[in-house]
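What follows is each chain in one-letter form.
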Amino acid sequence: MRRFLKPLSVVTTFVMTVILIGGALVTKTGSGLGCGRSWPFCNGQIIPDVITPELIIEMSHRICTLIGGFLVLTLAISSWKYLGNKKESRFLALVSVIFILVQAGLGAGAVLWGQNDFIMALHFGVSLISFSAVFLLTLLIFEIDMKWRTDKLLITTQIKRHTISLLIYMYLVIYTGALVRHTEATLACLNFPFAGNGAEMPTTLPEWVQIGHRVAAVILFFWIMTLMIRFWRKQHEMTVLRWGWTVAFMLICLQAISGVLNVVTKVNLYITLSHSLFITITFGIVCYLTMIVIRKK
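Note that the coordinates shown come from a computational prediction; the quantities given were computed from them, not determined experimentally.

Draft legend 1. Up close: the packing of helix α2 (residues 53-82) against helix α3 (residues 87-112). Orientation of α2 relative to α3, taken along the N-to-C sense of each, is 160°, at an axis distance of 9 Å. If you check the angle between α2 and α3, you find them roughly antiparallel. Of the two possible hands of crossing, α2 and α3 adopt the one that is left-handed. Mapping the contact onto sequence places Glu58, Arg62, Thr65, Gly68, Gly69, Val72, Leu73, Ala76, Ser79 and Trp80 in α2 and Ser89, Arg90, Ala93, Leu94, Ser96, Val97, Ile100, Ala104 and Val111 in α3. Taken together, the residues that form the contact of α2 with α3 break down as 10 nonpolar, six polar and three charged.

Here it is, written out as structure tokens:
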């Protein structure tokens, strides 16, 4: 295998992470129209006359997406050529390219024609799939020289169903989190665990979105914890899954803490970006763990 694949995959994964966090930054700073209703240039100009912070944030995000697109395409073609012996590689290569194109299309459509909050929340989900495909391609490349082994794992049908169900549910929870951000519902409920604001139950759409996300996130937290405990009780052959779910649980703990701090600090920008980063990495790890159990017969 060509030596350039490893550094290429690492750089591409890093850029995809920056794109995801950059999208959250664009939303939180209200920079979505920093370049006006113009795409791909700002206000129809290659070099805008008036430079604003919102324009810099939006244009930087577009440039990162463009760079990420070229990197993803290069990684996909290289993986298709040099990782042909791994059955997942070609599927992941296609997914990474298709979803980064969809991601760019949704972003462009939001600028040119505008989108409702539910469609814009899907934008983060599409970006997450593209990132995860690149992340899994990177792990496949490094698996060749890895010290841990997955070929001797004993995976039951129940474990497969449990893991796949969690991955699907986790994606839905992430969507509700993106919906919280796009509907500006982060501060809709200032108390825990109920809505507060003089009522124990939600009364408005933002409150329902916020409470719905909280309930879904709590279920996800205990679900991941259950899987972690389950694999710690297994035999030595389960080491990869055991430590994988342990890392996932540690990250979901950080995710929960950052979510609470987001409300307590009245939406601190750095905490908000950390919140997005934690769930992005967690989802990528869960995708890898799912790939491991699916590939076992």
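Draft legend 2. Structural view of the nonpolar core. Core analysis: the biggest nonpolar cluster contains 60 residues, and Leu220, Ile224, Leu241 and Trp245 have the highest contact counts within it. Broken down by secondary-structure element, the contributors of at least two residues to this core are α1 (5-28), α2, α3, α4 (117-143), α5 (157-182), α6 (205-232), α7 (239-264) and α8 (269-295).

Draft legend 3. Highlighting a nonpolar patch on the surface. Together, Leu254, Ile257, Val260, Leu261 and Val264 make up an exposed nonpolar region whose accessible area comes to about 400 Å². Position of Val260 relative to the elements: it lies in helix α7. Given a relative accessible area of 36%, Val260 falls into the partly exposed group.

Draft legend 4. Just the environment of Gly259, in detail. Checked against the element boundaries, Gly259 lands in helix α7. On the basis of relative accessible area, Gly259 is assigned to the partly exposed category, the value being 21%.

Draft legend 5. Representation of the packing of aromatic side chains within the structure. Across all of its chains, the model carries seven aromatic pairs by this definition. When the centroid spacing of 6.2 Å and the interplanar angle of 85° are considered together, the rings of Phe4 and Tyr82 count as edge-to-face. Of this pair, Phe4 sits in the segment before α1 while Tyr82 sits in helix α2, and the two are 78 residues apart along the sequence. Of the residues examined, Phe4 reaches a relative accessible area of 36% and is grouped as partly exposed. Relative accessible area serves as the criterion here: at 22%, Tyr82 is assigned to the partly exposed category. Geometrically, the ring pair formed by Trp232 and Trp243 is edge-to-face, given 5.0 Å between the ring centres and 75° between the ring planes.

Definitions and cut-offs
Residues numbered from 1 in each chain as written. Predicted model: local features only at pLDDT ≥ 70, side-chain atom pairs only at ≥ 80, totals over all residues. Heavy atoms only, no water. Axes fitted to C-alpha atoms, helices over the stretch in contact; angles between N-to-C directions. Helix = DSSP H or I, 4+ residues; strand = E, 2+ residues; numbered from the N terminus. Parallel < 35°, antiparallel > 145°, perpendicular 65-115°, else oblique. Left-handed = near helix turned anticlockwise from the far one by under 90°. Contact = heavy atoms within 4.5 Å. Nonpolar A, V, L, I, M, F, W, Y, C, P; charged D, E, K, R; others polar. Core = buried A, V, L, I, M, F, W, Y, C linked by side-chain atoms within 4.5 Å. Buried < 20%, exposed > 50% of the residue type's maximum accessible area, 1.4 Å probe, protein only. Patch = residues over 30% accessible without salt bridge, like charges linked within 9 Å, V, L, I, M, F, W, Y side chains within 5 Å. Areas by Shrake-Rupley, 256 points an atom, 1.4 Å probe, with all protein chains shown as cover. Salt bridge = Lys/Arg side-chain N within 4 Å of Asp/Glu carboxyl O. Phe/Tyr/Trp six-rings, centres within 6.5 Å; stacked < 30°, edge-to-face > 60°.

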